[in-house]
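Next come the chains, spelled out residue by residue.
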Amino acid sequence: MSSADSAATPHDPATREASTYDPAAVEAKWRARWEERGTNVTDIAGAADPYYALMMFPYPSAEGLHVGNLFAFTGNDIFARFQRMQDLDVFEPIGYDAFGIHSENYALKVGVHPAEMIPRNIANFRRQLVRAGLMVDWTRELSTTDPAYYKWTQWVFLQLYKEGLAYKKTAAVNWCPNDKTVLANEQVIGGECERCGAQVEQRFLEQWFFAISKFAGRLLDNLDTLDWSDTTKTAQRNWIGKSAGAEIWFDDIKVFTTRADTIFGATYVVLAPEHPLVDAHTTDAQREAVNAYRERTARRDLVSRKTSKEKTGVATGGFVTNPATGEQIPVWVSDYVLMEYGTGAIMAVPAHDERDLEFAHGFELPVKKVVHENETLIESGPFNGLTVEEGKHAIVAALQKQGKAEPITNYRLHDWCISRQRYWGPPIPIVYCDQCGVVPVPEDQLPVLLPHIDDFKPDDSGVSPLARHDEWYRVPCPTCGAMARRETDVSDTFLDSAWYFLRYPSVGDDAAPFDPAITKKWLPVDSYIGGNEHAVLHLLYSRFITMVLHDAGLLDFEEPFTKFRAHGLIIREGSKMSKSRGNVVNPDEYIDTWGADSFRTYLMFLGPFEEGGDFRDKGISGVRRFLDRLWVSVRDADPAVTPEPDVMRKLHATIRKVGEDVPRLSYNTAIAAMMEYMNTLRASERTPRRAEVEPLVQLVAPFAPHLAEELWQQLGHDKSIFDSGWPAFDPALLAEDEITLMVQVNGKTRGSVRVARDVTQDAAVERATADPGIAKFVTGTPKKVILVPGRLLSIVV
Ligand SMILES: [Zn+2]
Ligand SMILES: [Zn+2]
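Now for a description of the structure that goes with this document. The model shown is predicted, which means the values in this text are computed figures rather than measured ones.

Take the side chain of Asn40 next. Tracing the backbone through its elements, the reader meets Asn40 in the loop between α3 (23–37) and β1 (50–55). Overall, Asn40 belongs to the buried group, its relative accessible area being 11%. Not counting residues up to four positions away in its chain, the partners in contact with Asn40 are Trp34, Arg84, Leu134, Met135, Val136 and Asp137.

Here you go:
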């Protein structure tokens, strides 16, 4: 073990002797040169072939750049550099998502003001990002906390307000009594605050909402047009949650159902405890019990109501008419029905709904079966014998004629609550005037600056700390000039990030959030890479804001991200990285020891980029050895001798493979192919010819940019390797490297396929079964396969 371990350091004597590759010196030299030459500055106005390669911007934590951030950014950087080498004008920007409760809570914990903490964190992030060798255009850096940025976040709010899509309403919210803030449903785990573990309460607050639910249909339908990871599209579809159904009147109670076919089995109706008709249906005898139940529900949080197994409820004592049967059925109240979904009332069909059945059993309510096992209706009067689908339509149509039903599509997607009763965010640009009512701050008076206050800790009042500062809170009404009051809520961090991609190309423009001509040129984003944890909300909100701005005539596209790929996660030595485990990879340490180029390449070698991999300390030495060998190969390359045909064939196969793998983010296989080529190039320590090694430097460039620049210069080139184009492969050479393999199935020759000379058995089978003429004989899983190299593939099924 110890000898193997000692070989796994960059100071291995054998390697050091052979190589004079000094990553620290090479990387410092090229960082300086890129900066000096403006190598990574994109000509935004003049670009002929714009390509926008976006990565999700980070939250600048005090701990510094997480290796997971760097994994994501490097993956994007390689893709971006590759596109640049295809002669595109690539724009790779970065910024900081620095507002929000994470920053604020951390600042409170350590007793520093966020306005002092965030710039320090950003400086540290920038240092680390520069060191990682990203092709970032630093002239377009942004931070959401910069007034020059959030001025336009406030402007976005005003556009929604103007379009009637921002409104205020009182809503039941999850309230964390410890963090003293509203929590989204996703932040409540088992009735407890995700952040601090406190028991979550329900409160009623007046808040600002964006009417995203009006866009549910479009947000759903447009997904079909996007080149996104399937998992991401599925997550969005589930979140939007379309269900086709009907609204049906049971006297004055309107229910929503997707199973109108089962209405003859509806034996009672259930109202959400908050339903406005509860009082009207409650009899005097039941009033006390109903009120007690409603009070009890009011104390429960929304999430446990949705997930709770135990079904509780109380009878109102009232009855309504089932419009299909004409029978009187009882009205109940239960918290398993939510006011926010559908109409807040359901028809209960215990025979065909599990939750209804549990409830019916608990309260001894009748169960009436109306759908036979063969999926046709029974006990349903004139509709008997219809299939479930036929029954749905026929029953809704019949009730619709009597004015008792209406077909309707429902969505799970709720409006977006953007109010935060906190300090560290952009103030919502609204003023309340006793004379004029709700007055939006005029656009030419933006930004509404976030004042520097020292007592930014939230209290139990549920009102933002900004309300405690009269000098800020009291303001003349923009319309009439009378003394008025500012809105004291700040907006959700997700609003900051819902439009930042529009800003990057126009950073520095103080007259507009995004310049129309530049936006037309650069957007929508060509490629977006980011984490799956943002697959739902961030991407959905960004799509929504883009649609709104499109409809307002401010953008000529309605989908912001043409292509999206979610990257995987990395673990370390088999377990999840976490501060408490003490196994978090610190990028600085690894870059100190191995160099940024080795670190980048190793991160990409861990596994498929979209799946992630296991970071093992020993693995990085193999990558470093590969780069050392590349260094030596260039140094020792002989320019005079003719290249060897076998090596050139392998080189061109490698050029083809890397060129196919990189655009589909299959970085690990591209690196493996380059390493394999290195073994051919240096077989028996042969001296490489210059023509055999020069294109390899170009293939390596997106992965190890500093080293590639240095070697490119050593090979006598003046310009950046990233402006050298991408090497082409010669199909004629590749054809020479292919052979014809006869294919037999069960002993009979069924055809032939062209494969690489050194094809593996699995690859040969794959190629053979891709040929329809052969595949039709391969009926079932092969029992036995024999590959006679260079001649024959025999498959027995
Ligand atoms: Zn909490
Ligand atoms: Zn006024």
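Right, let's get into the coordination of the zinc ion (ligand 1). The protein atoms that coordinate the zinc ion (ligand 1) are Cys176 (SG), Asp179 (OD), Cys193 (SG) and Cys196 (SG), at distances spanning 2.2 to 2.4 Å. Around the zinc ion (ligand 1), the four donor atoms are arranged such that angles at the metal cover 94 to 116°; this shape is classified as tetrahedral. Taken in sequence order, the residues that donate to the zinc ion (ligand 1) follow the motif C-x2-D-x13-C-x2-C. Of this pair, Cys176 sits in strand β5 (residues 166–176) while Cys193 sits in strand β8 (residues 192–193), and the two are 17 residues apart along the sequence. Of the two residues examined, Cys176 and Cys193, each falls in the buried class.

Our focus in this paragraph is the packing of aromatic side chains. Between two aromatic rings, the relevant description is the distance of the centres plus the angle of the planes. By the definition in use, this model includes 42 aromatic pairs. One aromatic cluster is present, formed by Phe157, Tyr161, Trp208, Phe210, Phe215, Trp416, Phe494, Tyr541 and Phe544 through successive ring pairs. Above the plane of the ring of Trp34 lies Arg81, whose end atom (NZ or CZ) is 5.2 Å from the centre. The ring of Phe722 is capped by Arg81, whose NZ or CZ atom sits 4.4 Å from the centre of that ring.

Coordination of the zinc ion (ligand 2) by the protein comes from Cys433 (SG), Cys436 (SG), Cys477 (SG) and Cys480 (SG), over a distance range of 2.3 Å. Between the four donor atoms coordinating the zinc ion (ligand 2), the angles at the centre fall across 104 to 113°, so the site counts as tetrahedral. Its relative accessible area of 6% is what places Cys433 among the buried residues.

Here we come to the sheet that holds strand β11 (residues 242–250). Here we have three strands laid out as an open sheet, ordered β12-β11-β17, and antiparallel in their pairing. One side of each edge strand has no neighbouring strand; the edge strands of this open sheet are β12 (253–257) and β17 (405–411). Averaged over all pairs of adjacent strands, the angle between strand axes in this sheet comes to 30°, irrespective of strand direction. Here five bridges tie β11 to β12, and the two strands are oriented antiparallel to one another. Bridge pairing in β12 links Glu247 to Phe256. In the packing of helix α14 (residues 388–401) onto the sheet, contacts are made with β11 and β17, and the angle to β17 comes to roughly 125°.

Looking now at empty space enclosed by the protein. For the structure on display, the rule yields two cavities of 30 Å³ or more. The space that makes up the second largest cavity amounts to roughly 30 Å³. Top contributing element to the lining of the second largest cavity by residue count: helix α7 (residues 147–162), with three residues. By residue class, the composition of the lining of the second largest cavity is six nonpolar, three polar and no charged.

With respect to the helices, strands and loops of the structure, Asp335 is situated in the loop between β15 (328–333) and β16 (345–348). Discounting residues that sit within four places of it in the chain, Asp335 has contacts with Pro273, Tyr293, Thr297, Arg300, Arg305 and Thr312.

Looking now at the packing of helix α9 (residues 230–240) against helix α19 (residues 537–551). For the pair α9 and α19, the least separation of the axes is 10 Å and the interaxial angle reads 75°. Classified by the angle their axes make, α9 and α19 are roughly perpendicular. Contacts from Thr232, Gln236, Trp239 and Ile240 in α9 reach Leu537, Leu539, Leu540 and Arg543 in α19. Of the residues in the contact of α9 with α19, the class split is five nonpolar, two polar and one charged.

What follows covers the pattern of salt bridges. Under the defined criterion, the tally for this structure stands at 48 salt bridges. Asp636 is the salt-bridge partner of Arg635, the closest N and O atoms lying 3.0 Å from each other. Owing to a relative accessible area of 41%, Arg635 belongs among the partly exposed residues under this scheme. In this structure, Asp646 and Arg649 form a salt bridge, with 2.3 Å as the shortest nitrogen-oxygen distance. Linking Asp646 with Arg649, this pair stays in helix α23 (residues 645–661), spanning three residues, or about one helical turn.

What holds strands together in a sheet is hydrogen bonding between their backbones, with the strands either parallel or antiparallel. Spatially, the four strands line up as an open sheet ordered β30-β29-β32-β31, and their pairing is mixed. Only two strands of the sheet have a single partner each, and these edge strands are β30 (748–756) and β31 (784–788). Shown here is a sheet whose adjacent strand axes are inclined to one another by a mean of 20°, direction ignored.

Take the nonpolar core next. Nonpolar side chains in soluble globular proteins generally cluster together in the buried interior. Grouped together as the largest cluster of nonpolar side chains are 170 residues, with contacts concentrated most on Phe210, Trp416, Ile545, Phe599 and Leu603. It is helix α4 (residues 67–85) that provides the largest number of residues to this core, a total of ten residues. Among residues more than four places away in sequence, those in contact with Phe210 are Phe157, Leu160, Leu165, Ala166, Tyr167, Asp415, Trp416, Ile418, Leu495, Phe544 and Ile545. In this structure, Ile253, Val269, Leu271 and Val396 belong to the second largest nonpolar core, which totals 31 residues.

Conventions we followed
- Residues numbered from 1 in each chain as written.
- Chains lettered and ligands numbered in written order.
- Predicted model: local features only at pLDDT ≥ 70, side-chain atom pairs only at ≥ 80, totals over all residues.
- Heavy atoms only, no water.
- Helix = DSSP H or I, 4+ residues; strand = E, 2+ residues; numbered from the N terminus.
- Buried < 20%, exposed > 50% of the residue type's maximum accessible area, 1.4 Å probe, protein only.
- Contact = heavy atoms within 4.5 Å.
- Donors = N, O, S within 2.8 Å, 3.2 Å for Na, K, Ca; no water.
- Tetrahedral: all angles 85-135°; square planar, octahedral: opposite > 155°, others 65-115°.
- Phe/Tyr/Trp six-rings, centres within 6.5 Å; stacked < 30°, edge-to-face > 60°.
- Lys NZ or Arg CZ within 6 Å of the ring centre and 35° of its normal.
- Pairing = 2+ DSSP bridges.
- Axes fitted to C-alpha atoms, helices over the stretch in contact; angles between N-to-C directions.
- 1 Å grid on protein atoms, 1.4 Å probe; cavity = no way out; pocket = protein on both sides within 12 Å on 5 of 7 lines; lining within 4 Å.
- Points joined across faces, edges and corners; volume = space filled by probe spheres on them.
- Nonpolar A, V, L, I, M, F, W, Y, C, P; charged D, E, K, R; others polar.
- Parallel < 35°, antiparallel > 145°, perpendicular 65-115°, else oblique.
- Salt bridge = Lys/Arg side-chain N within 4 Å of Asp/Glu carboxyl O.
- Core = buried A, V, L, I, M, F, W, Y, C linked by side-chain atoms within 4.5 Å.

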